[in-house]
Amino acid sequence: VTGCDCKVGQEKCPCSVKCQEAYSVTSGQIGDMACIEVKNTDLETARCSGSWGRSQCMSRAEMVDGQLKPCCWRYAGFASSLTRCVPEGHELIIEATPPDECAPP
């Protein structure tokens, strides 16, 4: 929450709530506000490595050991590989080559 200097009973209060990516504000009503995780149900289940570019990578999740893992993108490629899109937690994702971004879970 930023920009708040509200008093009890004040009718108008210029507060704004900004949530992290993949989270949404719980309400725009008077009272407590919080950020809750929003699950992305629009991801296509497919192999991440079959993605042709960033936008396709960011719209996919891959089934790994019975769990659906969102795809992660790195423009320069992961590790010493030319592979740019892999599922979250993949062995090519290392500290030296972290993803630029991952699809929202």
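Our structure's up above, just so we're on the same page.
This one's a predicted model, so the numbers in the text were calculated from it and none came from an experiment.

What follows deals with the nonpolar core. Formed by Cys48, Cys57, Met58, Cys71, Trp73 and Cys85, the largest nonpolar core amounts to six residues. If we skip the residues at most four places from it in the chain, Cys85 touches Cys48, Ser49, Ser51, Cys57, Cys71, Cys72, Trp73 and Phe78.

Below, the discussion takes up the environment of Glu91. Among the secondary structure elements, Glu91 is positioned in the loop between strand 6 (85-87) and strand 7 (101-102). We classify Glu91 as exposed; its relative accessible area is 70%. When the C-alpha atoms of Glu91 and Phe78 are compared, they prove to be 9.3 Å apart, with 13 residues separating the residues in sequence.

Before going further, it helps to spend a moment on the state of the cysteines. This structure, assessed with the given rule, holds three disulfides. Shown here is the disulfide that connects Cys57 with Cys85, its sulfur atoms set 2.0 Å apart. Handedness here is read from the sign of the S-S torsion; for Cys57 and Cys85, about 90°, the answer is right-handed. You can see Cys57 sitting in helix 1 (residues 54-57) and its partner Cys85 sitting in strand 6, a full 28 residues away along the chain. With a relative accessible area of 0%, Cys57 lands in the buried category.

The pairing of strand 3 (residues 44-45) with strand 4 (residues 60-64) spans two bridges and is classified as parallel. Each residue of the ladder has a partner; that of Thr45, found in strand 4, is Ala61. Note that strand 4 and strand 5 (residues 67-73) share four bridges and pair antiparallel. Looking across to strand 5, one finds that Glu62 is bridged to Lys69. Turn length for the strand 4-strand 5 hairpin, with the two strands adjacent in sequence and antiparallel, is two residues, and the turn residue Asp65 shows positive phi of about 50°.

The next thing to look at is the environment of Pro105. Along the chain, Pro105 falls in the segment after strand 7. Classification of Pro105 by relative accessible area gives partly exposed; the value is 41%. For the pair formed by Pro105 and Leu68, sequence separation is 37 residues and the distance between their alpha carbons is 8.7 Å.

When you line up the elements, Arg74 lands in the loop between strand 5 and strand 6. Of the buried charged residues, Arg74 lacks a salt bridge, with Asp100 as the closest side chain of opposite charge at 4.3 Å. At 2.9 Å, the side chain of Arg74 forms a polar contact with the backbone oxygen of Pro98.

Mapped onto the secondary structure, Thr97 falls in the loop between strand 6 and strand 7. For Thr97, the side chain forms a polar contact with the main-chain nitrogen of Ala79, separated by 2.9 Å. For Thr97, the residues in contact, after removing those within four places along its chain, are Arg74, Gly77, Phe78, Ala79 and Leu92.

What counts and what doesn't
Residues numbered from 1 in each chain as written. Predicted model: local features only at pLDDT ≥ 70, side-chain atom pairs only at ≥ 80, totals over all residues. Heavy atoms only, no water. Core = buried A, V, L, I, M, F, W, Y, C linked by side-chain atoms within 4.5 Å. Buried < 20%, exposed > 50% of the residue type's maximum accessible area, 1.4 Å probe, protein only. Contact = heavy atoms within 4.5 Å. Helix = DSSP H or I, 4+ residues; strand = E, 2+ residues; numbered from the N terminus. Disulfide = S-S within 2.5 Å. Pairing = 2+ DSSP bridges. Lys, Arg positive; Asp, Glu negative; His and termini not counted. Salt bridge = Lys/Arg side-chain N within 4 Å of Asp/Glu carboxyl O. Polar contact = N/O pair within 3.5 Å; in protein donor to acceptor, adjacent residues only side chain to side chain.

Spatial relationships are all this shows, so hold off on functional conclusions.
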